[in-house]
Structure formats: structure tokens, C-alpha cells
Amino acid sequence: MTDERKAERIRQQNAARQQARRDRKQLRREQVGAEKIKFEIYGGTRRDLDAMQQVGGYAETGEAITLAIRYMAAMARRDPAAFAEAMNPRNPL
């Protein structure tokens, strides 16, 4: 086998492996109902997210957002009045 053929075979194997990885990742996203949400934030919200990440020790902003949403959703189910009070934009912190 020539070096050229070997290199081509390795390239094809690498491409097939990466495609299989992408396919598995996409299947997993479909199974768990993953979706991307794009939204705009401003400086104050960015500072709030940075504080949440720093205090919580989260590497990614998405993790802090997801955990905050999950926590607030649990509160809404468990104690709607407390949720409404926490979500009141006029509620002094």
C-alpha cells in the first residue's frame, strides 16, 4: 500500500467517524427536544449573568440561564404567589 493510499484511507475513516459523531449528536438533540433560542440582552442583564456565573461557578452562561429557569419554574408550580412576587419587576431586591 502506498503512502498516498494509506493517507486517503485514513482521511476517509476520519471523515466517516466525524460524520457518525455529528449524527449521534443530532439524534440526541432530537431525543431530548433541544432547540436554540436567540435573544438580545443589555449591559445590566450581562452583569447579572456574569454575577450568577461567578457565584455559581458555571463555565457557560447557558448553564446559569437553564438552572435559573428550572428553579423559577419549580417555584411557579410549588408556590405561585412566591413566583409572582419574585418575578414582579417592581419588587426591590
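Notes on the structure follow.

Thresholds applied
- Residues numbered from 1 in each chain as written.
- Predicted model: local features only at pLDDT ≥ 70, side-chain atom pairs only at ≥ 80, totals over all residues.
- Heavy atoms only, no water.
- 1 Å grid on protein atoms, 1.4 Å probe; cavity = no way out; pocket = protein on both sides within 12 Å on 5 of 7 lines; lining within 4 Å.
- Points joined across faces, edges and corners; volume = space filled by probe spheres on them.
- Nonpolar A, V, L, I, M, F, W, Y, C, P; charged D, E, K, R; others polar.
- Salt bridge = Lys/Arg side-chain N within 4 Å of Asp/Glu carboxyl O.
- Helix = DSSP H or I, 4+ residues; strand = E, 2+ residues; numbered from the N terminus.
- Polar contact = N/O pair within 3.5 Å; in protein donor to acceptor, adjacent residues only side chain to side chain.
- Contact = heavy atoms within 4.5 Å.

## Points about the layout of surface pockets
If a probe as big as a water molecule is rolled over the atoms, it shows which places are left empty.
At step 1: Approximately 300 Å³ is the volume found for the largest pocket.
At step 2: Lining the largest pocket are Glu35, Lys36, Ile37, Phe39, Glu60, Gly62, Ile65, Thr66 and Ile69.
At step 3: Its residues assigned to classes, the lining of the largest pocket comprises four nonpolar, two polar and three charged.

## Some details on the pattern of salt bridges
At step 1: The final tally for this structure, using the stated rule, is two salt bridges.
At step 2: The salt bridge partner of Asp50 is Arg46, with a shortest N-O separation of 2.9 Å. Of this pair, Asp50 and Arg46 both sit in helix H2 (residues 43-56), separated by four residues, roughly a single helical turn.

## Brief notes about the side chain of Gln53
At step 1: The residue Gln53 is located in helix H2 in this model.
At step 2: Here Arg46 takes part through its side chain, which lies 3.3 Å from a polar atom of the side chain of Gln53.
At step 3: When sequence neighbours within four positions are dropped, the list of residues in contact with Gln53 reads Arg46, Tyr58, Ala59, Glu60, Thr61 and Ala64.

Just distances and angles here, no functional claims.
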